[in-house]
Amino acid sequence: MKVIVIGATGAVGKAVVEELGKRHEVVTVGASGGQYQVDFADIGSVRGLFATVGKVDAVVVTAGVLHFAPLTSFTPEQFYVGLNSKLMGQVNVALVAQEYLNDGGSITLTSGILADEPIRQGASATMVNAAIEGFARGAAIELPRGIRINVVSPTVLQESMDAYGAFFIGFEPVTASRAALSYARSVDGAQTGQVYRAL
């Protein structure tokens, strides 16, 4: 299969590229690195990417920015960071990918453990991750031509503990390579409308 991985230069993305690359042709996409670049918060940029790459069998998104801050100081603009990037960026990819996926193709998006396990300063992350999962469940019953859509919800990564460990006291981290197996399950499997918990 030919698979686009958007967010291919991040910790999860690199592991997903390595895992999927064992079996498939992987096209790597990043904000500034990879074979191609995209601003997935801009649907015009997403359309340009797919027009250049052409038909594919699967699309994986492991990208998205979130803002963490105490709720008492959160502003609407700070909420829009996650809404415009991690939520609508992934929705943009799903909308455009419909036109470029071969019959029976798949879309795999990324949420996160905070959809189920809120933490202090993580209200925006919980909101955005839950919304991604809701979108996928809704989209799964409407996608045409046997196209599937699933979400991977990783816990905090071992590789990210230096940066995020203070937010995730008591959480057991997983390696990026372990999380990548859930993406492989989505791409190579048969289910749709699922949330795979990478714990």
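The notes below deal with the structure included here. For clarity, every value in this text was computed on a predicted model and none was experimentally measured. (Residues numbered from 1 in each chain as written. Predicted model: local features only at pLDDT ≥ 70, side-chain atom pairs only at ≥ 80, totals over all residues. Heavy atoms only, no water.)

This part takes up the environment of V60. Tracing the sequence through the fold places V60 in strand β4 (residues 56-61). Residue classification places V60 among the buried positions, given a relative accessible area of 0%. Separated by 49 residues in sequence, V60 and L109 have C-alpha atoms that sit 6.1 Å apart. Residues contacting V60, with those up to four places away along its chain left out, are V3, I4, V5, I6, V16, L20, T108, Y183 and V187. (Helix = DSSP H or I, 4+ residues; strand = E, 2+ residues; numbered from the N terminus. Buried < 20%, exposed > 50% of the residue type's maximum accessible area, 1.4 Å probe, protein only. Contact = heavy atoms within 4.5 Å.)

Further remarks concern unusual backbone geometry. In this structure, Q121 is a non-glycine residue whose phi angle is positive, near 70 degrees. Along the chain, Q121 falls in the loop between β5 (101-110) and α4 (123-140). Of note in this structure, R145 is not a glycine but carries a positive phi near 55 degrees. Note that R145 resides in the loop between α4 and β6 (148-154).

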